[in-house]
Amino acid sequence: MFCEKAMELVRELHRAPEGQLPAFNEDGLRQVLEEMKALYEQNQSDVNEAKSGGRSDLIPTIKFRHCSLLRNRRCTVAYLYDRLLRIRALRWEYGSVLPNALRFHMSAEEMEWFNNYKKSLATYMRSLGGDEGLDITQDMKPPKSLYIEFFLSGPMSKRLWRI
Amino acid sequence: MHGRRVSESSAGAEKFGWSRAGLEQFALLSSRFQVPRLRPHELPVLTACCSGVPRCLAGRRVSIRFLVSEKMTEEPDFLGQDSDGGSEEVVLTPAELIERLEQAWMNEKFAPELLESKPEIVECVMEQLEHMEENLRRAKREDLKVSIHQMEMERIRYVLSSYLRCRLMKIEKFFPHVLEKEKTRRDGEPSSLSPEELAFAREFMANTETYLKNVALKHMPPNLQKVDLFRAVPKPDLDSYVFLRVRERQENILVEPDTDEQGDYVIDLEKGSQHLIRYKTIAPLVASGAVQLI
């Protein structure tokens, strides 16, 4: 059936737990694009026949193929976009330099997207004010320093206070 | 006076598990900063501090001036003159500035869409942080004072970072809608994006579009190569429900219920009351500051 491969791409991402980036399925993507090409060519020839040969019974088939094409496109764009969102999350979790294991899972274009995103974020942070701006990827949790130790002079001098 | 300040800020503070007792005791503590000798019964088991910015840092109140004008585009003017556009100066103490920052932060966290940008608050807070850092560097190593000031600085930095992160996240999530709104904004309306955020949003959009085009779209049949991101990326859900506290009394708010059986009805919002209501109904009130999202 059509769009099987595209669905598999989406399912693959759906199965990977939130935040994890599976390896880039280049093969799968290529197959989906080939299927789209084949469908489109079949449609082109049918459209010509329908117009010139007056074969209006081909129209439902044309519509069906067109729907499959749209579905394929939607699935691929969803797959790629979701991967981008996961990669974006990596920047906030790991910082500017990604661990090697993750880098192998990304395609070259994804790496380029990541570098551009990093640059854009860095420009924004630098513009925030002061000389160096504010690094907002730090301070992810409210500060909770536990204790300050100090001694008192005078009558309480023996004890170590902690607040 | 300190007691009153504590009760105002404790609602937000309690979210993070700061105890009321700890807050009250720190309020006492901060009023006695100058004196290193502290009476023992005043030393609390501090879990955290309230957000009163230590006024005694420099020994005097520091005034922040910024122009409040219709256009909201001017830089803070520290020489302070009334410009002819009918703008006024607002002089804020650091404590009030931090309060405004926290209000903006909570509003941004709980609102489903990107709110108006507040560049003047961000700039003033950054300046305050710089002053505090400078003062700390000059101060001698009196442990208690220095540590507590450092804690305070870290807290303010956290709130500011969290606020900016929240905004960035919303910009990235709704980027086509945010950019479209900015394009169709009329002059004189306040912008929901600062210039830097606008640049960031544009770069993000260009980056994503280029990526999708190069990896997939250009290999697709010619009639399918354009993807309308405005329709593909979901819009912010303005119908989601939010909690709010009313700061100024409002009358005659029109509420449209989501089921068809009930008709529209009108409610009044009393000052100090708390409600759970659809965001769409009260969106303009959040922008004007009449309600506070909690």
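Since the structure is predicted, the reported quantities are computational estimates derived from the model, not experimental observations.

Draft legend 1. Seen up close, the pattern of salt bridges. Residues and elements named next belong to chain A. Applying the stated criterion across every chain yields a total of 19 salt bridges over all chains. Between arginine 65 and aspartate 46 there is a salt bridge, with its nearest N and O atoms 2.9 Å apart. With arginine 65 in helix 3 (residues 59–94) and aspartate 46 in helix 2 (residues 26–53), this residue pair connects regions lying 19 residues apart in the sequence. A single burial state applies to arginine 65 and to aspartate 46, both of which are buried.

Draft legend 2. Summary view of the pairing of strand 3 (residues 241–246) of chain B. Residue and element names in this part refer to chain B. A one-sided burial pattern is seen for strand 3, the buried positions being Val242, Leu244 and Val246 and the unburied ones Tyr241, Phe243 and Arg245. Across five bridges, strand 3 lies against strand 6 (residues 274–278) in antiparallel orientation. Following the sheet pairing, leucine 244 is matched in strand 6 by histidine 275.

Draft legend 3. Focus on the sheet that holds strand 3 of chain B. Residues and elements named next belong to chain B. Taken in spatial order, the three strands make up an open sheet running 6-3-7, and their pairing is antiparallel. Each edge of the open sheet carries a strand with a single partner, namely strand 6 and strand 7 (291–293). On average, each strand axis in the sheet is tilted by 40° relative to the strand beside it, whichever way the strands run. Across three bridges, the pairing between strand 3 and strand 7 is antiparallel. If you follow leucine 244 over to strand 7, its bridge partner there is leucine 293. Lying over the sheet, helix 3 (residues 94–110) contacts strand 3 and strand 7, oriented at roughly 65° with respect to strand 7.

Draft legend 4. Layout of a nonpolar patch on the surface. On the surface, Met1, Phe2 and Phe64 of chain A cluster together to form a nonpolar patch covering roughly 340 Å² of accessible area. Mapped onto the elements, phenylalanine 2 of chain A comes out in the segment before helix 1 (4–15).

Draft legend 5. A look at the interface of chain A and chain B. If you look at the interface, chain A gives 47 residues, while chain B gives 44 residues. Counting the surface lost from both chain A and chain B, the interface buries some 4400 Å², and carbon and sulfur atoms represent 72% of this. Counting every contact that joins chain A to chain B gives one salt bridge. Between chain A and chain B we count nine residue pairs in polar contact (both at pLDDT 80 or more) in total. When residues of the side of chain A that touches chain B are assigned to their parent elements, the largest contribution, eleven residues, is made by helix 3 of chain A.

Draft legend 6. Expanded view of helix 2 of chain A. Along its 28 residues, helix 2 of chain A runs 40 Å from first to last C-alpha, staying within 8% of the 40 Å computed at 1.5 Å per residue. All of the buried residues along helix 2 of chain A are Gly28, Leu29, Val32, Leu33, Met36, Leu39, Tyr40, Asn43, Asp46 and Ala50 of chain A. In this fold, the buried residues of helix 2 of chain A make contact with helix 1 and helix 3 of chain A together with helix 7 (195–215) of chain B. Positive phi shows up at glycine 54 of chain A, right after helix 2 of chain A, with a value of about 70°.

Draft legend 7. Spotlight on the UniProt feature "domain: GINS subunit" (unreviewed entry) in chain B. Under the UniProt annotation, "domain: GINS subunit" (unreviewed entry) lies at residues 142–215 of chain B. This span, residues 142–215 of chain B, is 82% helix and 0% strand, and a straight line between its end C-alpha atoms measures 59 Å.

The rules we used
Residues numbered from 1 in each chain as written. Chains lettered and ligands numbered in written order. Predicted model: local features only at pLDDT ≥ 70, side-chain atom pairs only at ≥ 80, totals over all residues. Heavy atoms only, no water. Salt bridge = Lys/Arg side-chain N within 4 Å of Asp/Glu carboxyl O. Helix = DSSP H or I, 4+ residues; strand = E, 2+ residues; numbered from the N terminus. Buried < 20%, exposed > 50% of the residue type's maximum accessible area, 1.4 Å probe, protein only. Pairing = 2+ DSSP bridges. Axes fitted to C-alpha atoms, helices over the stretch in contact; angles between N-to-C directions. Contact = heavy atoms within 4.5 Å. Patch = residues over 30% accessible without salt bridge, like charges linked within 9 Å, V, L, I, M, F, W, Y side chains within 5 Å. Areas by Shrake-Rupley, 256 points an atom, 1.4 Å probe, with all protein chains shown as cover. Buried area = accessible area lost by both parts, 1.4 Å probe. Polar contact = N/O pair within 3.5 Å; in protein donor to acceptor, adjacent residues only side chain to side chain. Expected span 1.5 Å × (residues − 1). UniProt positions renumbered as here; feature names shortened; annotations may be inferred.

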